[in-house]
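Commentary on secondary and tertiary structure
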Amino acid sequence: YLLHAPTRLTITDSDGGAYRDTSRGSYAEAFEEQLLAFHALVTDGTPPVAGIAEGRADIVTCQLMARRFAERNGWPLGGEAAAATAAPTPPPAAAALAT
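Computed from a predicted model, the values in this text were never measured in an experiment.

Looking now at the pattern of salt bridges. Counted according to the given criterion, the structure contains three salt bridges. One salt bridge connects E71 with R67, and the closest N-O pair in it is separated by 3.1 Å. On the criterion of helical spacing, the pair formed by E71 and R67 is a turn pair, its members being four residues apart in helix 2 (residues 52–73). For R68, the salt bridge identified is with E71, shortest N-O distance 3.9 Å. Of the two residues, R68 and E71 both sit in helix 2, three residues apart, roughly one turn of that helix. The exposure class assigned to R68 is partly exposed, which follows from its relative accessible area of 48%. With a relative accessible area of 45%, E71 lands in the partly exposed category. Several salt bridges share partner residues, and in doing so they unite R67, R68 and E71 into one network.

Conventions used here
- Residues numbered from 1 in each chain as written.
- Predicted model: local features only at pLDDT ≥ 70, side-chain atom pairs only at ≥ 80, totals over all residues.
- Heavy atoms only, no water.
- Salt bridge = Lys/Arg side-chain N within 4 Å of Asp/Glu carboxyl O.
- Helix = DSSP H or I, 4+ residues; strand = E, 2+ residues; numbered from the N terminus.
- Buried < 20%, exposed > 50% of the residue type's maximum accessible area, 1.4 Å probe, protein only.

Written out as structure tokens, the structure is:
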């Protein structure tokens, strides 16, 4: 963990077989940004940028990653990660944020 180090977000997607990387950087502390957004939600009712569907998609994606990693290493895996089958497609609003 490096305090005040830039946070980099790199998104890789494909379009007809061609891959594209998009990178964004910020010196804003992610936790502080999340805390400010939570404060706005609680005090002003400002809706979060990512909702329940996006959060669920992230969790399922992590479960699939854990499952694949365990399979590749021959490790037993239980719980929801063992039963994960496919990551849900995020709603169009979330896809627009990623571009």
